[in-house]
Amino acid sequence: MSLRYNLQFFAEGPGGEKTEEATPKKLEDARKEGKVAKSKELANGAGILALFLTLKFATGFMGRTFLSTFADVYGMIPSVTVQYQGMVPENDFVILIRYGLLRVLIICLPVFITGFIVAFLCDFVQVQWHPTLKPLTPKFSNLNPLNGVKRLFSINALVELIKALMKIILISIIVYSYAKDKLYYLFAMYDMTIMQALNLILETVVDLGIRISAVYAIIAAGDFIYQRTKFKRDMRMTKQEVKDEYKQTEGDPLIKGKIRQRMQQASQRRMMQNVPKADVVITNPTHYAVAIQYDADMYPAPIVLAKGENYLAQKIKEAAKENNIEIVENKPLARMLYSSVEVGEMIPPELYQAVAEVLAFVYKLQGRV
């Protein structure tokens, strides 16, 4: 007993396996849909690193501004409470809070600006400037529980889990190895002034944050390479998809061939209708035929009304015989006219002499000279 196997059952979708690189059109369409090779980890890692570097270099400014703000707000309270027997009116209290929050915002401004610039540059470097609102459009397919389960057990979910575990493990190792060398100083904060303790805490947090950010940046770089590779693989196309796209953009080759054939036929019909107007047909004698007309009132030089090779040359000669047009055999002239002059164009100056001799011969036969 023999069994039949349908090998298409094992193919990846219609058209077979996706082995072809994505075409520029598919990449452009995917870009319009918001599908690009972008690593979120890269933006997060660069943002965290920029945050702690900003804190490290702007600590003096931020600390001085914060202390100045605290002193200003605290110093305004007595001047207000004296007028109201120790009570702060609601309006004055709102003004004090608003002033304090504004100064705090100014303190945090370098951090906000740096975070925005870094996030923008990371996205710009990865995908260039091409804003789109398509990713914000709600898709009902995302509400399908079956699709959610598939995403939960997909390769991408496994990669995300591995990245999360790597971050937890590496960050834990860094925090432990750094903190164990700082335990003595942390326990000694009981003997420090408030400013000394704050400086120690800030220095510890910033240095630890820079170390964590450096490791995070390495993970982000690996994720960026993975996302580029994954996107390139996901954008692959089957041979059938490439053919279908070509038909949509360039048109069906069979239909284009038929259109081109019909246009050639129409052009040949128009050309054959002009043969009766010719003064002479110059032949090869079997391969080429070129119909020439010279009207001094319309053109400064003779023009080619029709030309053809092999079968079409025979048709031109037949039309010439039917209309009593002289046929002159001149092999080199016929070849040069056929190869160098298009239908409707005047002959070039280098052929004036040869064509003039043929026309003179024809006019003499017809008794026109």
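Notes on the structure in this doc start here. (Residues numbered from 1 in each chain as written. Predicted model: local features only at pLDDT ≥ 70, side-chain atom pairs only at ≥ 80, totals over all residues. Heavy atoms only, no water.)

### Digging into the overall build of the protein chain
And then number 1: Broken down by element type, the protein chain carries eleven helices and four strands.
And then number 2: Considering the protein chain as a whole, with its 369 residues, one finds that 27% of them fall into the buried category.
And then number 3: Restricting to contacts in the protein chain with at least 6 residues of sequence separation, those with at least 24 account for 74%.
And then number 4: Accessible surface, the protein chain: about 25800 Å² in total, of which carbon and sulfur atoms supply 63%. (Helix = DSSP H or I, 4+ residues; strand = E, 2+ residues; numbered from the N terminus. Buried < 20%, exposed > 50% of the residue type's maximum accessible area, 1.4 Å probe, protein only. Contact = heavy atoms within 4.5 Å. Areas by Shrake-Rupley, 256 points an atom, 1.4 Å probe, with all protein chains shown as cover.)

### Examining the packing of helix α5 (residues 155-187) against helix α6 (residues 194-234)
And then number 1: α6 packs onto α5 with a crossing angle of 160° between their chain directions and a minimal axis gap of 10 Å. For the element pair α5 / α6, the angle class is roughly antiparallel. In this structure, α5 crosses over α6, and the sense of that crossing is right-handed.
And then number 2: Tallied by class, the residues present in the contact of α5 with α6 amount to 17 nonpolar, three polar and nine charged. (Axes fitted to C-alpha atoms, helices over the stretch in contact; angles between N-to-C directions. Parallel < 35°, antiparallel > 145°, perpendicular 65-115°, else oblique. Left-handed = near helix turned anticlockwise from the far one by under 90°. Nonpolar A, V, L, I, M, F, W, Y, C, P; charged D, E, K, R; others polar.)

### What about α5?
And then number 1: With 33 residues, α5 ought to run about 48 Å at 1.5 Å a step, and its terminal C-alpha atoms sit 46 Å apart, in line with that.
And then number 2: If you check which residues of α5 are buried, you get V159, K163, K167, I174, Y178 and K182. (Expected span 1.5 Å × (residues − 1).)

### Let's talk about the sheet that holds strand β4 (residues 326-329)
And then number 1: Spatially, four strands are ordered β3-β2-β1-β4 in an open sheet, and the strand pairing comes out mixed. Where the open sheet ends on each side, the last strands, each with one partner, are β3 (303-309) and β4. Here the average twist between neighbouring strands, direction ignored, is 20°.
And then number 2: Note that strand β2 (residues 288-293) and β3 share six bridges and pair antiparallel. Bridge assignment links V290 to a residue of β3, and that residue is K307.
And then number 3: Packed on one face of the sheet, helix α9 (residues 311-322) meets β1 (280-283), β2, β3 and β4 and runs near 130° to β3. (Pairing = 2+ DSSP bridges.)

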